[in-house]
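# An overview of the molecular structure
Okay, here's what each chain looks like letter by letter:
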Amino acid sequence: FLARGSAAARKRAGSRLRAGVRYSEMAAECTMDVFEPEKKDVRPVVVMYVHGGMWGGTLSANESSWFADSITSRGGYFLAINHTPLPHSSLPHLISQTRAALLFTLSLFPSSPLLLSGHASGAHLASSALDLLSPTPAAGAAALLVSGFYDTGAVAASGVGRRAGVGA
């Protein structure tokens, strides 16, 4: 579902998709896919999405843009970020990458309202950057974090948690 829906959204976006925009020099994977709105607004809403799947390292922006159309068709920008997959990274490194992506996004769209969103492990990563939205930017900001894990105690005790550097 995710891959098929994302492929369709990417195809529909055509020239409005800027894939692989670098947001940091921390790692080769520090890129984001920027879906531009169908009609440009003076102050467009920007949705930055942090994908889940961190523990399996199987998802990227390629599979995480399935709902870009619902944002861009209403005049907003949709940004799907990539980060270094596990086991080639650690949780502290992924948090640093997410924070860098958010700072880059805020610099690109200083006068636009921002929705920081994420799912599963992506919600956890996005939550780690919420302090960057305080005080709230003048344009306004909100977060939509779905099915994230926020108590890392159980994860830290697992093999996956140890490999990811949770609790380290």
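Above this note sits the structure.
Now for a description of the structure that goes with this document. If you're wondering where the values come from, they're calculated on a predicted model, not measured in any experiment. (Residues numbered from 1 in each chain as written. Predicted model: local features only at pLDDT ≥ 70, side-chain atom pairs only at ≥ 80, totals over all residues. Heavy atoms only, no water.)

This part covers the overall build of the protein. For the protein, the helix and strand inventory stands at 6 helices and 6 strands. In the protein, buried positions account for 46% of the 168 residues. Restricting the contact set of the protein to residue pairs at least 6 apart, pairs at least 24 apart contribute 73%. Working note: accessible area of the protein is about 7900 Å², and carbon and sulfur atoms make up 58% of it. (Helix = DSSP H or I, 4+ residues; strand = E, 2+ residues; numbered from the N terminus. Buried < 20%, exposed > 50% of the residue type's maximum accessible area, 1.4 Å probe, protein only. Contact = heavy atoms within 4.5 Å. Areas by Shrake-Rupley, 256 points an atom, 1.4 Å probe, with all protein chains shown as cover.)

This part is about the side chain of R16. Structurally, R16 can be placed in the loop between helix 1 (2-13) and strand 1 (17-22). Buried and without a salt bridge, R16 has E38 as its closest oppositely charged side chain, separated by 4.1 Å. Not counting chain neighbours up to four residues away, the residues in contact with R16 comprise V34, F35, E36, P37, E38 and T72. (Lys, Arg positive; Asp, Glu negative; His and termini not counted. Salt bridge = Lys/Arg side-chain N within 4 Å of Asp/Glu carboxyl O.)

Evaluated as defined, the whole model comprises 6 aromatic pairs. When the centroid spacing of 4.8 Å and the interplanar angle of 75° are considered together, the rings of F67 and F78 count as edge-to-face. One end of the pair, F67, is in the loop between strand 3 (46-50) and helix 2 (68-72); the other, F78, is in strand 4 (residues 77-81), with 11 residues separating them in the sequence. On the accessibility criterion, F78 (0% relative accessible area) is buried. Ring geometry for Y77 against F109: centres 4.7 Å apart, planes inclined by 55°, an arrangement best described as tilted. With Y77 in strand 4 and F109 in the loop between helix 3 (91-108) and strand 5 (114-119), the pair connects residues that are 32 residues apart, well separated along the chain. For the pair Y77 and F109, one class covers both residues: buried. Through pairs of rings, three or more aromatic residues link up here, namely F35, Y49, W66, F67 and F78. (Phe/Tyr/Trp six-rings, centres within 6.5 Å; stacked < 30°, edge-to-face > 60°.)

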